[in-house]
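What follows is the residue order along each chain.
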Amino acid sequence: MEVYFENDWDQVLADVIRHDEFTQLLSRVEEERKTHTIYPKQEDLFSAFQFTSYADTRVVILGQDPYHGSGQAHGLSFSVQPGIKVPPSLKNIYKELESDLGISAPNHGCLQSWARQGVLLLNTILTVRESTPLTHKKIGWERFTDAVIQKCNEREQPIVFVLWGKPAQTKKKFITRNHHLILESVHPSPLSARGGFFGSKPFSHINQFLQESNMNPIDWSIPTI
């Protein structure tokens, strides 16, 4: 199965996606689609890379694995398609966005507008079986996303890495160059958000760093649909 991101990721990740290990991973997922419902759909699997090129990446927001409910996951961490109920973690992200920057929540949960501005919305695991979280943990996705973080770390232009929760924070060891910024907190899940996510002001911290690095800030407001 050939993988094409249709932008500079094709070259950046060429050695990774041509490796036998990655080919076997995709074959395993494709085989499982024959007997189980797997999210996201095949055509949305690499949406994060298609919306946000390597050269344009200014922020990486790391999630865990995709939403496992019907119609939710579409390849961007924390995001759902328009018309799908906004999940609890994303509701908490919206609450912090309003608290931090005074930006009201939109009437949907689609974060494509962030992705188009250089926010790589990446999960550490890219697929999941319906209604069964973490089913594809340790089948190979973590090594793929390790490589993505390592490639981002190699960038001369600074990047903000947003690590919410322990799975995302396992990637910290790959961010070794000190011109990048790492923002860490607990996950925005209702189970943990009050333990340090609320009040962390990630959005203003990101924009302050980007501006100090002579880059345009992110417009975090999300157009209403």
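Residues numbered from 1 in each chain as written. Predicted model: local features only at pLDDT ≥ 70, side-chain atom pairs only at ≥ 80, totals over all residues. Heavy atoms only, no water.

A. Highlighting a positive patch on the surface. Taken together, the side chains of K85, K91, K95 and R194 define a basic patch exposed on the protein surface. Within the secondary structure, K95 sits in helix α5 (residues 88-101). (Patch = residues over 30% accessible without salt bridge, like charges linked within 9 Å, V, L, I, M, F, W, Y side chains within 5 Å. Areas by Shrake-Rupley, 256 points an atom, 1.4 Å probe, with all protein chains shown as cover. Salt bridge = Lys/Arg side-chain N within 4 Å of Asp/Glu carboxyl O. Lys, Arg positive; Asp, Glu negative; His and termini not counted. Charge placed at Lys NZ, Arg CZ, Asp CG, Glu CD. Helix = DSSP H or I, 4+ residues; strand = E, 2+ residues; numbered from the N terminus.)

B. Highlighting the nonpolar core. One finds F46, F49, W141 and F144 to be the most contacted residues of the largest nonpolar core, which totals 70 residues. No other element matches the six residues that helix α7 (residues 141-153) contributes to this core. The residues contacting F46, other than those within four sequence positions of it, are V3, F5, F22, L26, L126, W141 and F144. (Core = buried A, V, L, I, M, F, W, Y, C linked by side-chain atoms within 4.5 Å. Buried < 20%, exposed > 50% of the residue type's maximum accessible area, 1.4 Å probe, protein only. Contact = heavy atoms within 4.5 Å.)

C. Representation of the pattern of salt bridges in the model. Scanning all chains against the criterion turns up six salt bridges. For K34, the salt bridge is made with E31, and the minimal N-O distance between the two is 3.1 Å. In this structure K34 comes out as exposed when scored by relative accessible area, which is 63%. Its relative accessible area of 48% is what places E31 among the partly exposed residues.

D. Quick look at the packing of aromatic side chains. Enumeration over the complete set of coordinates arrives at 18 aromatic pairs. Plain terms: the ring middles of F78 and W164 are 5.6 Å apart, the flat faces sit at 70 degrees to each other, and that makes the pair edge-to-face. Taken together, the residues span a long stretch of sequence, with F78 in the loop between β2 (59-63) and α5 and W164 in strand β5 (residues 160-164) at a distance of 86 residues. The class for F78 is buried, based on a relative accessible area of 8%. Plain terms: the ring middles of W141 and F144 are 5.9 Å apart, the flat faces sit at 70 degrees to each other, and that makes the pair edge-to-face. With W141 and F144 both in helix α7 and three residues apart, this pair spans about one turn of that helix. Like F144, W141 is buried. Aromatic rings pair up to connect F5, W9, F22, F46, F49, Y54, W141 and F144 into one cluster. Over the ring of Y54 we find R155; its NZ or CZ atom is 5.5 Å from the centre of that ring. (Phe/Tyr/Trp six-rings, centres within 6.5 Å; stacked < 30°, edge-to-face > 60°. Lys NZ or Arg CZ within 6 Å of the ring centre and 35° of its normal.)

E. Region of interest: the pairing of strand β3 (residues 119-123). Burial analysis of β3 places five of its five residues in the buried class, which makes it a mostly covered element. Taking every second residue as pointing to the same face, both faces of β3 are buried, with V119, L121 and N123 on one and L120 and L122 on the other. One ladder, built from five bridges, connects β2 with β3; its direction is parallel. Its bridge partner being in β3, G63 is matched across the sheet by N123. (Pairing = 2+ DSSP bridges.)

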